[in-house]
Amino acid sequence: MTKTFFRASRKALSIPLQLRSMVGFIAGAPWLFLFGGGLFSAIVIAVTLAPWLAPYDPAEQFLRARLQGPSALHWLGTDNLGRDVLSRLLYGGRFSLLIAAIAVTLCFIVGVVIGTISARSSSTIDEILMRFVDLLLSLPEIVLALCLISIFGSGYITVILAIVFISWAPFARLARGLAVDISSKTYIEAAEVLGCSRSFIIFRHVIPNTIRPLAAMGFLRFGHTIITVGGLSFLGLGVQPPDSDWAAMVASAVPYVERAPYLIVFPGLAIFLAAMSVTLIGQALDRTSYN
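What this report covers is the structure whose coordinates are included nearby. (Residues numbered from 1 in each chain as written. Predicted model: local features only at pLDDT ≥ 70, side-chain atom pairs only at ≥ 80, totals over all residues. Heavy atoms only, no water.)

Moving on, we come to the packing of helix 3 (residues 31-48) against helix 14 (residues 262-287). Close contact between helix 3 and helix 14 brings their axes to 8 Å; oriented N to C, the two are set at 145°. Seen from above, helix 3 lies across helix 14 with left-handed handedness. Two secondary-structure elements touch here, helix 3 through Leu32, Phe33, Phe35, Gly36, Gly37, Leu39, Phe40 and Ile43 and helix 14 through Leu273, Ala274, Met276, Ser277, Val278, Leu280, Ile281, Gln283, Ala284, Leu285 and Arg287. Considered class by class, the residues forming the contact of helix 3 with helix 14 number 14 nonpolar, four polar and one charged. (Axes fitted to C-alpha atoms, helices over the stretch in contact; angles between N-to-C directions. Helix = DSSP H or I, 4+ residues; strand = E, 2+ residues; numbered from the N terminus. Left-handed = near helix turned anticlockwise from the far one by under 90°. Contact = heavy atoms within 4.5 Å. Nonpolar A, V, L, I, M, F, W, Y, C, P; charged D, E, K, R; others polar.)

Glancing now at the pattern of salt bridges. What the rule picks out here adds up to six salt bridges. In this structure, Asp126 and Arg176 form a salt bridge, with 2.5 Å as the shortest nitrogen-oxygen distance. Placement of Asp126 in helix 6 (residues 123-138) and of Arg176 in helix 9 (residues 169-183) is noted, with a sequence separation of 50 residues between them. Overall, Asp126 belongs to the buried group, its relative accessible area being 12%. You can call Arg176 partly exposed: its relative accessible area is 23%. Arg131 is paired through a salt bridge with Glu127; the nearest N and O atoms lie 2.6 Å apart. Taken as a pair, Arg131 and Glu127 lie in helix 6 at a separation of four residues, close to a single helical turn. Note on Arg131: relative accessible area 38%, which makes it partly exposed. Residue class for Glu127 comes out partly exposed when judged on its relative accessible area of 44%. Via salt bridges that share partners, Glu127, Arg131, Asp134 and Arg173 belong to a single interconnected network. (Salt bridge = Lys/Arg side-chain N within 4 Å of Asp/Glu carboxyl O. Buried < 20%, exposed > 50% of the residue type's maximum accessible area, 1.4 Å probe, protein only.)

Scanning the model with the defined rule gives three cavities of 30 Å³ or more in all. There is about 80 Å³ of room inside the largest cavity. Only helix 5 (85-120), helix 13 (246-253) and helix 14 provide two or more residues apiece to the lining of the largest cavity. Ranked by residue count, the leading element in the lining of the largest cavity is helix 13, at three residues. Grouping the constituent residues of the lining of the largest cavity by class yields five nonpolar, two polar and three charged. (1 Å grid on protein atoms, 1.4 Å probe; cavity = no way out; pocket = protein on both sides within 12 Å on 5 of 7 lines; lining within 4 Å. Points joined across faces, edges and corners; volume = space filled by probe spheres on them.)

Okay, here's the thing in structure tokens:
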């Protein structure tokens, strides 16, 4: 018993296991993680370097070259106003990815904090928080987002806040379950016996040991959020002109689908590749979350 408690005490003061295993997993990353990570990194680098990679100003119009297919001058063709599609893809990706990244990050933070607090609080607080989470999970996300945007107006800030309001609940539910499981471990009991405060235990042991499965959910939700943001932008509720993102490009190309189908294919392919890449990363992390 003494040896067991000693080992648990040493573990209570050591680097969290999930954090160490995550570093080891990335160092020996399987092909799924490498492929998804490589593809997503390439997309992020491309849109980040848009001012240097884009051959034209995304708002510059070449009316004499409108609705022309891919050529040496315009590699991915031009749209109905003669704007270069490749340049608009590179710049539009910045809005699509940035909005999704900010929304998922805020969802992650809010969900982890609320879920962990719920697990470490009294049964009354835990019950109230989890019933509210259940309420949010029972509502269709896109419908609730549309309701919020119709109240507060369109724009990317409203889209971010709407997504955060409706999408932190899955993180809170998972964080709460993981925190309850971790709180029953011997090294948590040892930390309490050693006199560690509740906040120290939460931020030093509980939250770090939930990072890997929560990171897997974060990447999976990132792909889902890209699609959600795209759907809202397609309906004209996201990024507003003169700015544009991938889904807005698809929406503006619908009247010209028969004459210039590439206007839909290229931004649609960008959305697909971005969502697929982060989903592959999330699946790779999820497969080994509990190993």
